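A closer look at the structure
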Amino acid sequence: MEQPFVFEPHRSTDEQRRPWWLPSVATGLIAAALLALMTWQVVARGPFIAWDWPLHVYVDARHPDGWVKLVLDSIASLGGQRLYTLPIIVGVGAWVSYRQRRIRPLVAIGAGLATVFFVGYWIKFDLARTPPASEQDILHGVGQAFPSGHTANATLTWCLIVIVLLGAQGLRPDPVRFRRWLAVALVIVFVSGALMTLLDYHWLSDIPGGWMLGLLALMVSVTVLRAPRLPWPRWLPGHALLARLDGAG
């Protein structure tokens, strides 16, 4: 059965009249603008990167070792390393799609992942910023430091999992639990980004760049998730199956 498209049943009349795409698209544009501003600051060597070298010198002299480093590396990897986050988010998306009998959650997740990959690596390869381990901060060198893909993965993964599970179009919509678990997701995102700097894997400025990239990707996913259902063209092979997978039948 097709579910009615309702994002927030308790919204005010003014909010209900607002275009469905406005919140996510506007937030995505703001994230893109901030990411562009940060990228320009990295290129111009502006005040945005002023704390990068001093913080590197500070944490490099206090770098943990032994089991402490092993534990912190494990937490950081689980938080944002694609090797771990990709199967987690795709697995959750596949389960939600199966339970909801529609493919939209998986499509939304794929759109977010593609945004992180293509936009992220476009900037990374174009800047080729060296990481702190190189003991030099230069552009067009050997590195892909900015923006932090690790932080972007964490932002997209943990926030989107909460959205597809507890958001208004999620598997079990629950505004109270949504807010609580979104707060937990944001803590994970912050800790993952902080560890990348404290362990000296990324410059400080790489982290907010990753946050903005992740937020941009998240808003792409939310826009796909909230979009009104469009009829599949009848000339498209397997259109009946695709329509059923999208919850139309």
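The rules behind the values
- Residues numbered from 1 in each chain as written.
- Predicted model: local features only at pLDDT ≥ 70, side-chain atom pairs only at ≥ 80, totals over all residues.
- Heavy atoms only, no water.
- Helix = DSSP H or I, 4+ residues; strand = E, 2+ residues; numbered from the N terminus.
- Expected span 1.5 Å × (residues − 1).
- Buried < 20%, exposed > 50% of the residue type's maximum accessible area, 1.4 Å probe, protein only.
- Contact = heavy atoms within 4.5 Å.
- Polar contact = N/O pair within 3.5 Å; in protein donor to acceptor, adjacent residues only side chain to side chain.
- Core = buried A, V, L, I, M, F, W, Y, C linked by side-chain atoms within 4.5 Å.
- Axes fitted to C-alpha atoms, helices over the stretch in contact; angles between N-to-C directions.
- Parallel < 35°, antiparallel > 145°, perpendicular 65-115°, else oblique.
- Left-handed = near helix turned anticlockwise from the far one by under 90°.
- Nonpolar A, V, L, I, M, F, W, Y, C, P; charged D, E, K, R; others polar.

1. A closer look at helix α8 (residues 175-198)
Given a rise of 1.5 Å per residue, 24 residues ought to cover 34 Å, and the 34 Å separating the end C-alpha atoms of α8 matches this to within 8%. Of all the positions in α8, only Ala185, Val189, Ser192, Gly193, Leu195, Met196 and Thr197 are classed as buried. Contacts made by the buried residues of α8 are with α3 (52-60), α4 (66-80), α7 (149-166) and α9 (206-226). The residue sitting at the N-terminus of α8 and contributing the capping side-chain oxygen is Asp174; that oxygen lies 3.2 Å from the backbone nitrogen of Val176. Remark: Asp200 follows α8 within two positions and exhibits a positive phi of approximately 70°.

2. Some thoughts on the nonpolar core
One broad rule of soluble globular proteins: the nonpolar side chains tend to lie buried together. By size, the foremost hydrophobic cluster in this structure holds 35 residues, and its most contacted members are Phe146, Leu160 and Leu218. Those elements that provide at least two residues to this core are α2 (22-44), α5 (82-100), α6 (104-127), α7, α8 and α9. Looking at which element gives the most residues to this core, the answer is α7, with ten residues. With sequence-adjacent residues up to four places away left out, Phe146 is seen in contact with Leu35, Met38, Thr39, Val42, Phe48, Ile123, Lys124, Leu127, Arg129, Ser205, Asp206 and Gly209.

3. Quick notes on the environment of Leu72
Tracing the chain through its elements places Leu72 in helix α4. On the accessibility criterion, Leu72 (25% relative accessible area) is partly exposed. Along the chain, Leu72 and Leu195 lie 123 residues apart, while their C-alpha atoms are 7.3 Å from each other. Leu72 has contacts with Pro64, Leu195 and Leu199, leaving out every residue within four places of it along the chain.

4. Concerning the packing of α4 against α5
Running from N to C, α4 and α5 point in directions that differ by 40°, and their axes come no closer than 6 Å. Taken together, the axes of α4 and α5 lie oblique to each other. α4 and α5 meet at a crossing whose hand is right-handed. Each of Ser77, Leu78, Gly79 and Gly80 in α4 lies in contact with α5, whose residues at this interface are Arg82, Tyr84, Thr85 and Ile88. When its residues are assigned to classes, the contact of α4 with α5 shows three nonpolar, four polar and one charged.

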